[in-house]
2 protein chains.
Amino acid sequence: MRYRDENKMQAIRDCAIEMVAKNGLENFGINRLAKAAGVSPATIYIYYKDKEDLLTSISIEEGVKMTRATLKGFDPNASFREGLWVQWKNRAAFSLDNLLAAEFFEQLRNSTYKDKMREAISLEFRKSMGSFIENAVKRGEINEMPLEVYWSVAFAPLYALIRFHNEGQSLDGRKFKFSESIMKQTFDCVLKGLSK
Amino acid sequence: MRYRDENKMQAIRDCAIEMVAKNGLENFGINRLAKAAGVSPATIYIYYKDKEDLLTSISIEEGVKMTRATLKGFDPNASFREGLWVQWKNRAAFSLDNLLAAEFFEQLRNSTYKDKMREAISLEFRKSMGSFIENAVKRGEINEMPLEVYWSVAFAPLYALIRFHNEGQSLDGRKFKFSESIMKQTFDCVLKGLSK
DNA sequence: AATATAAGTGAGCAATTGCTCATTTAAAAA
DNA sequence: TTTTTAAATGAGCAATTGCTCACTTATATT
């Protein structure tokens, strides 16, 4: 029996991520992908049922990677300040070090595939955040609030900053660069807002 | 001479917005649009140069509408608390009352058309926010900070909440509904984070 | 009523789409 | 070495894509 060529699989994955990230989901196609990956269109259908299966499979894989990166060194029993800061550093590092993967993820999150994406994200969230917030509330570090409110205040600003950074220019047309000090400054605002 | 049928133009616009919002940018096509709007494909090319021109033109139009809605009753000389609250109420109201338009906008913001979209957004921002923040800093209500940090802390959480609401379910799989009290609670967090 | 002008059309083109199939190729098992 | 199995392929299909053109239709002006 002939074995699958893992390099081929990886080439398909990598090219798919790069194409979606760079040219947008609306310009992504199987024939295009096959050509870019140096593979026959038919080969892709050995690995994936169809276009949708390819995109959702890859995005779930990437979601898991993202999760792991986000949880690196994270201790759910740490103080609220420290735990949240670790999360910020991890999320920022992943987004900035894996520009293509992050942009791919973002593209899928804003598409008709988003429903199938949510499980990957929700899994991530439960894993990383489950007990952490409870602990912080019990310790009296933060007020009790719905999960959605917490996420919106705690992380949405970070992702907005990263977005400004990736777009290269800001709302008013000037240049904008993400930096450790900008992150720290924003983090302080967010922390103050959440703290009791 | 024969005059343009404004109903036809409006039907094309409305259908385009609805189709992109409901089926995603990746499933939007001119032939499809023509059929949905009850119009010949060729007619669309009387109004718009090509597919890209159609999408960018409509999104700029919608951007202007959004701006106007956001600025309703907004006074750049109001106190920081009041001014920001008016902005929140206006933005939330627009997003919730114009679900299709808001989703259309979001789709374009996350596509390869985003560069051409930015001018519409940046224009909006300058109009609405220019002097407001300056005033608040001068009055000592908030600290001085880069525009991007301000926007990220002040508005990203609101849009994240609206997104949770529209997705119908939240991170952990349970239902989530946006409400006045949720908004108020989140607003208080954000305000506290930004205040001196 | 005749003319001029631009709106509006349907058929359809070249190119591309997602996907398949008959065939070839590589390598484990005999 | 031969057989068996599945990976891998390129040509290409039916359907769809963005878009055009020769043509018809409606209306303001003459």
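Residues numbered from 1 in each chain as written. Chains lettered and ligands numbered in written order. Predicted model: local features only at pLDDT ≥ 70, side-chain atom pairs only at ≥ 80, totals over all residues. Heavy atoms only, no water.

Let's talk about the protein's contact with DNA strand C
Line of reasoning, step 1. Contacts to DNA strand C come from 25 residues, most closely from Arg32 of chain A together with Ser40, Ala42, Thr43 and Tyr47 of chain B.
Line of reasoning, step 2. In the environment of DNA strand C, a phosphate oxygen lies 3.4 Å from a nitrogen or oxygen atom belonging to the backbone of phenylalanine 28 of chain A.
Line of reasoning, step 3. The backbone of aspartate 5 of chain B places a nitrogen or oxygen atom 2.8 Å from a phosphate oxygen of DNA strand C.
Line of reasoning, step 4. Breaking the surface near DNA strand C down by element, the ones donating at least two residues are α2 (30–37) and α3 (41–47) of chain A together with α3 (41–47) of chain B.
Line of reasoning, step 5. The element that contributes the greatest number of residues to the surface near DNA strand C is α3 of chain B, accounting for four residues.
Line of reasoning, step 6. For the surface near DNA strand C, the per-class residue count stands at 13 nonpolar, four polar and eight charged. (Near = heavy atom within 4 Å. Polar contact = N/O pair within 3.5 Å; in protein donor to acceptor, adjacent residues only side chain to side chain. Helix = DSSP H or I, 4+ residues; strand = E, 2+ residues; numbered from the N terminus. Nonpolar A, V, L, I, M, F, W, Y, C, P; charged D, E, K, R; others polar.)

Re the relation of the copies chain A and chain B
Line of reasoning, step 1. Least-squares fitting of chain A to chain B yields an RMSD of 0.0 Å, with the superposition described by an axial translation of 0.0 Å and a rotation of 180 degrees. Here the copies are linked by what is in effect a two-fold axis.
Line of reasoning, step 2. With an isologous cut-off of 70% or more, the 100% of interface residues of chain A that recur at the interface of chain B puts this contact in the isologous class. (Least-squares fit on C-alpha atoms with pLDDT ≥ 70 in both. Contact = heavy atoms within 4.5 Å.)

Considerations on the protein's contact with DNA strand D
Line of reasoning, step 1. Neighbouring DNA strand D are 25 residues; Ser40, Ala42, Thr43 and Tyr47 of chain A together with Met1 of chain B lie closest to it.
Line of reasoning, step 2. For DNA strand D, the backbone portion of the atoms within 4 Å of the protein, that is sugar and phosphate, comes to 57%.
Line of reasoning, step 3. Tyrosine 47 of chain A has a polar side-chain atom sitting 2.3 Å from a phosphate oxygen of DNA strand D.
Line of reasoning, step 4. Interatomic distance of 2.7 Å between a side-chain N/O atom of arginine 32 of chain B and a phosphate oxygen of DNA strand D.
Line of reasoning, step 5. Taken together, the elements giving at least two residues each to the surface near DNA strand D come down to α3 of chain A together with α2 (30–37) and α3 of chain B.
Line of reasoning, step 6. Among the elements that line the surface near DNA strand D, the one with the most residues is α3 of chain A, at four residues.
Line of reasoning, step 7. Grouping the constituent residues of the surface near DNA strand D by class yields 13 nonpolar, four polar and eight charged.

With respect to the packing of aromatic side chains
Line of reasoning, step 1. Per the counting criterion, the structure on display carries 20 aromatic pairs over all chains.
Line of reasoning, step 2. With a centroid separation of 6.3 Å and an interplanar angle of 90 degrees, the aromatic rings of tyrosine 150 of chain A and phenylalanine 155 of chain A are classed as edge-to-face.
Line of reasoning, step 3. A relative accessible area of 0% means that phenylalanine 155 of chain A is categorised as buried.
Line of reasoning, step 4. An aromatic cluster is built from Phe74, Phe80, Phe132, Tyr150, Trp151, Phe155 and Tyr159 of chain A together with Phe164 and Phe176 of chain B, whose rings are joined through pairwise contacts.
Line of reasoning, step 5. Arginine 91 of chain A extends its terminal NZ or CZ atom over the ring of phenylalanine 155 of chain A, reaching a point 4.0 Å from the ring centre. (Phe/Tyr/Trp six-rings, centres within 6.5 Å; stacked < 30°, edge-to-face > 60°. Buried < 20%, exposed > 50% of the residue type's maximum accessible area, 1.4 Å probe, protein only. Lys NZ or Arg CZ within 6 Å of the ring centre and 35° of its normal.)

Thoughts on the domain arrangement of chain A
Residues and elements named next belong to chain A.
Line of reasoning, step 1. Its domain assignment divides chain A into domain 1 (1–47) and domain 2 (59–194).
Line of reasoning, step 2. Inter-centroid distance (C-alpha atoms) of domain 1 to domain 2 is 29 Å.
Line of reasoning, step 3. On the domain 2 side, the residues contacting the nine residues of domain 1 number 10 residues.
Line of reasoning, step 4. At the boundary of domain 1 with domain 2, total buried surface from both sides reaches about 760 Å², with 77% on carbon and sulfur atoms.
Line of reasoning, step 5. On the domain 1 side of the contact with domain 2, Ile17, Ala21 and Leu25 bury the most area, a combined 62% of that side's loss.
Line of reasoning, step 6. Our enumeration of links across domain 1 and domain 2 arrives at one salt bridge. (Domains from an automatic or database assignment. Buried area = accessible area lost by both parts, 1.4 Å probe. Salt bridge = Lys/Arg side-chain N within 4 Å of Asp/Glu carboxyl O.)

Regarding the environment of phenylalanine 187 of chain A
Residues and elements named next belong to chain A.
Line of reasoning, step 1. By the element assignment, phenylalanine 187 lies in helix α10 (residues 180–194).
Line of reasoning, step 2. Given the relative accessible area of 1%, phenylalanine 187 is considered buried.
Line of reasoning, step 3. Residues phenylalanine 187 and alanine 154, spaced 33 residues apart in sequence, show a C-alpha to C-alpha distance of 8.5 Å.
Line of reasoning, step 4. In this structure, phenylalanine 187 is in contact with Arg81, Leu84, Trp85 and Trp88, ignoring residues within four places of it in sequence.

Description of α2 of chain B
Given 3.6 residues per turn, any residue in an α-helix points the same way as the ones three and four places further on.
Residues and elements named next belong to chain B.
Line of reasoning, step 1. Among the residues making up α2, those that are buried are Ile30, Leu33, Ala34 and Ala37. Each buried residue of α2 sits inside an arc of 100 degrees when the element is viewed along its axis, so together they form one side. Turned more than 90 degrees away from the buried face of α2 sit Asn31, Arg32 and Lys35, all of them exposed.
Line of reasoning, step 2. Positive backbone phi, at 65 degrees, marks glycine 38, one or two positions downstream of α2. (Arc of directions from axis to C-beta.)

Remarks on the nonpolar core
Line of reasoning, step 1. Counting 69 residues, the largest nonpolar core has Leu84, Tyr150 and Leu194 of chain A together with Leu84, Tyr150 and Leu194 of chain B as its most contacted members.
Line of reasoning, step 2. Excluding residues within four positions of it along the chain, leucine 194 of chain B makes contact with Cys189 of chain A together with Phe80, Leu84, Glu141, Ile142, Asn143, Met145, Tyr150, Val153 and Ala154 of chain B. (Core = buried A, V, L, I, M, F, W, Y, C linked by side-chain atoms within 4.5 Å.)

What to know about the interface of chain A and chain B
Line of reasoning, step 1. Opposite the 50 residues of chain A that make contact, chain B presents 50 residues.
Line of reasoning, step 2. In total, about 4300 Å² of surface goes out of reach between chain A and chain B, with carbon and sulfur atoms giving 57% of it.
Line of reasoning, step 3. On the surface where chain A and chain B come into contact, there are two salt bridges.
Line of reasoning, step 4. Between lysine 114 of chain B and glutamate 103 of chain A there is a salt bridge, with its nearest N and O atoms 3.7 Å apart.
Line of reasoning, step 5. Our enumeration of links across chain A and chain B arrives at 11 residue pairs in polar contact (both at pLDDT 80 or more).
Line of reasoning, step 6. Looking at the side of chain A that touches chain B, the elements that each hand over two or more residues are α1 (6–23), α6 (99–109), α7 (114–138), α8 (147–154), α9 (156–167) and α10 of chain A.
Line of reasoning, step 7. The class makeup of the residues in the side of chain A that touches chain B is 19 nonpolar, 15 polar and 16 charged.

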